[in-house]
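Chains, contacts and geometry: an overview
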Amino acid sequence: MPEPTNKTTNHVLIVDDEPDIRELLEITLSRMGLETRTAANIKDAEASLKAEHFDLCLTDMRLPDGNGIDLVRHIQQHYPETPVAMITAHGNMESAVEALKSGAFDFVSKPVDLQMLRNLVNTALKLRQEQEASQHGNLVLLGHSETIENTRRTIEKLARSQAPVYVSGESGVGKELVARLIHAKGPRQDKPFVPVNCGAIPGELMESEFFGHKKGSFTGALADKAGLFQAAEGGTLFLDEVADLPLHMQVKLLRAIQEKAVRPVGAPKEIPINVRILSATHKNLEQLVREGQFRQDLYYRINVISLQVPALRERSEDIPELANFFLHKIAHTWETQAPKLAHTAIKALQLYPFPGNVRELENILERAMTMCEGEVIQIEDLQLPEVGAAMDEEEDDLSMLDPALQQQEREAIVKALEKTRYNKTAAAKLLGISFRALRYRIKKLGIE
């Protein structure tokens, strides 16, 4: 493998058998301050790769001595640090998807849109600097089981690509965390990560929310408004619960992804977008496609690469580490000391199937912290529910209270706080409950 040269100028290999295309790409990239080398076929490209280090390779799909995808695979195998982008025929999405599945960083269609090309090149060249940067905020995928180690390795690989990724898994496994990590470890990490719950947007507002609108385009449109795609410009748009999109929006979303452009409501023309799409749902998308509730063409477009996030019961050896993390997180929020888990309590958690996954684990530990009187959480403090009762991981013990009782409890706590001038320790003593229990009640009842 060739050694990287000591240089500040990035080197790009252009592979195309059409002299006019090579010249256009050379001129465009040289104006960006890049050094270029060209090759007219796979053989010459492989020779150049062997002789010199490249920061990016742009290759045509059809070459005299083979398919550009063969070159993609060759680079993936022998020069994995070099991103490669595919130049495809206009409208040939099948080839573009195949290239992405084979490991291509991204693709651009002929005739080449130079601004899209520049965006692609700039994003690709950020990969090296991002590989050298190791800080990704507080985003951490906890655990050391083989299952989660495999997930972590897949995230690292997907972060290097611009291919759409479909994140699947049960409710509560951490699909949004995985999506955020793919974004944070990639070249778009300094641009926005915009999550959107597709099931939470009213149907009549969806088009405006996703694509924006122009002033006066409909009743209530008092000013121009940018949509979610524009908000994510240069970064990542995460479509959570994508299965909840109505069919008419599925059509519009498919076009936006394929054309890399959106048309705001009331606008005369489309505007280009530079956004990576990540999507997720806990539903079975394949089943919905078979039932005609989700478009097959959109399914194949967002599911170029899929990542299954493991259920917590599949990695029970990670539970002690996760539990310790959540106990310290909750204690920090409550401004108290984190208790420890008794050995029997840890074993009970590892045997419990966790239908609500990691999110349910956090809820159980938050409740347990209010129940334990000492510094150690015992098995009875966990109050592990029956499996059937735990199927709704969002269930909260306070939500089961009669509203009138909730109001009485809220009034009693507020009165105690006022009487003690908001000294929570004194208020807890006045109410006859532990400080932890008071903190829990204050948070859950929305008093603060």
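So, how was this worked out
- Residues numbered from 1 in each chain as written.
- Predicted model: local features only at pLDDT ≥ 70, side-chain atom pairs only at ≥ 80, totals over all residues.
- Heavy atoms only, no water.
- Pairing = 2+ DSSP bridges.
- Helix = DSSP H or I, 4+ residues; strand = E, 2+ residues; numbered from the N terminus.
- Axes fitted to C-alpha atoms, helices over the stretch in contact; angles between N-to-C directions.
- Buried < 20%, exposed > 50% of the residue type's maximum accessible area, 1.4 Å probe, protein only.
- Contact = heavy atoms within 4.5 Å.
- Phe/Tyr/Trp six-rings, centres within 6.5 Å; stacked < 30°, edge-to-face > 60°.
- Lys NZ or Arg CZ within 6 Å of the ring centre and 35° of its normal.
- 1 Å grid on protein atoms, 1.4 Å probe; cavity = no way out; pocket = protein on both sides within 12 Å on 5 of 7 lines; lining within 4 Å.
- Points joined across faces, edges and corners; volume = space filled by probe spheres on them.
- Nonpolar A, V, L, I, M, F, W, Y, C, P; charged D, E, K, R; others polar.
- pLDDT = per-residue confidence, 0-100.
- Parallel < 35°, antiparallel > 145°, perpendicular 65-115°, else oblique.
- Left-handed = near helix turned anticlockwise from the far one by under 90°.
- Salt bridge = Lys/Arg side-chain N within 4 Å of Asp/Glu carboxyl O.

Further remarks concern the sheet that holds strand β9 (residues 193-197). In space, the five strands of this open sheet follow the order β9-β10-β13-β8-β14, with parallel pairing throughout. Only two strands of the sheet have a single partner each, and these edge strands are β9 and β14 (305-308). Between one strand and the next, the sheet's axes are offset by a mean angle of 20°, whatever the strand orientation. Relative to strand β13 (residues 276-281), strand β8 (residues 165-168) is paired through four bridges, and the arrangement is parallel. Across the sheet, residue S168 finds its bridge partner in β13, namely T281.

Take the pairing of strand β3 (residues 56-60) next. Where burial is concerned, most of β3 is hidden: five out of the five residues are buried. Residues L56, L58 and D60 line one face of β3 and the alternating positions C57 and T59 line the opposite face, and both faces are buried. The pairing of strand β1 (residues 11-15) with β3 spans four bridges and is parallel. When the bridges of β3 are listed, I14 appears paired with L58. With four bridges joining them, β3 and strand β6 (residues 84-88) adopt parallel strand pairing. Residue T59 lies in a different strand from β6, and its bridge partner there is M86.

An order of β2-β1-β3-β6-β7 is seen for the five strands of this open sheet, with the pairing classed as parallel. With one partner strand each, in any of the chains shown, β2 (35-39) and β7 (106-109) form the two edges of the open sheet. The average undirected angle you get between the axes of adjacent strands in this sheet is 20°. Note: β1 against β2, five bridges, orientation parallel. Along β2, the bridge assignment pairs H11 with E35. Taken strand by strand, helix α2 (residues 42-51) contacts β1 and β2, and its axis lies near 165° from that of β1.

This model, assessed by the stated rule, comprises seven aromatic pairs. One aromatic cluster is present, formed by F210, F211 and F229 through successive ring pairs. Taking NZ or CZ as reference, K260 lies 4.4 Å from the ring centre of F107, over its face.

Before going further, it helps to spend a moment on empty space enclosed by the protein. Overall, the coordinates contain two cavities of 30 Å³ or more when judged by the stated rule. Reported here for the second largest cavity is a volume of approximately 30 Å³. Contributing to the lining of the second largest cavity are A159, Q162, I182, H183, G186, P187, R188, T236 and R276. Looking at the lining of the second largest cavity, its residues break down into three nonpolar, four polar and two charged.

Below, the discussion takes up the confidence of the model for the chain. Per-residue confidence for the chain gives a mean pLDDT of 85, with 91% of residues at or over 70. Confidence drops under a pLDDT of 50 for residues 132-137, and excluding neighbours within four residues, the segment shows three contacts in the predicted structure. pLDDT under 50 marks residues 387-401. Its contacts with residues more than four places away, or in other chains, come to 30 contacts.

In this section: the packing of helix α13 (residues 319-334) against helix α15 (residues 357-371). For the pair α13 and α15, interaxial distance at closest approach is 10 Å and the crossing angle is 55°. Here α13 is positioned oblique relative to α15, judged by the angle of their axes. Judged by the sense of rotation from one axis to the other, the crossing of α13 with α15 is right-handed. Every residue of α15 that contacts α13 at L322, A323, F326, L327, K329, I330, A331 and W334 is listed here: V358, L361, E362, L365, E366, M369 and T370. For the contact of α13 with α15, the class distribution of residues is eleven nonpolar, one polar and three charged.

Judged by how many residues are buried, helix α7 (residues 175-184) sits mostly within the fold: seven of ten residues are covered. Among the residues of α7, K175, V178, A179, L181, I182, H183 and A184 are the ones counted as buried.

Glancing now at the environment of L237. Looking at where L237 falls in the secondary structure, it is placed in strand β10 (residues 236-240). Taking the relative accessible area as the measure of exposure, L237 reaches 0% and is therefore buried. Spatially, the C-alpha atoms of L237 and P195 are 6.1 Å apart, while their sequence positions differ by 42 residues. Once you skip the residues sitting within four places of it in the chain, L237 turns out to touch V194, V196, L228, F229, A232, V275, R276, I277 and L278.

This part is about the pattern of salt bridges. Tallying each qualifying case throughout the model produces 21 salt bridges. Of the charged contacts, one joins K260 and D106 as a salt bridge, the two residues approaching to 3.6 Å between their closest N and O atoms. Placement of K260 in the loop between α10 (247-259) and β11 (261-262) and of D106 in strand β7 is noted, with a sequence separation of 154 residues between them. By relative accessible area, which is 21% here, K260 ends up partly exposed. Overall, the relative accessible area of 10% leaves D106 in the buried class. Here K225 ties to E209 by a salt bridge, and the two come within 2.5 Å at their closest N and O atoms. You can see K225 sitting in the loop between α8 (206-211) and α9 (228-231) and its partner E209 sitting in helix α8, a full 16 residues away along the chain. Taking the relative accessible area as the measure of exposure, K225 reaches 31% and is therefore partly exposed. The class of E209 is partly exposed, set by a relative accessible area of 26%.

That bond from K110 to P111 is cis: its omega, -10°, falls within 30 degrees of zero. Checked against the element boundaries, P111 lands in the loop between β7 and α5 (114-132). Unlike most non-glycine residues, E241 shows phi in positive territory, near 50°. Secondary-structure assignment places E241 in the loop between β10 and α10.

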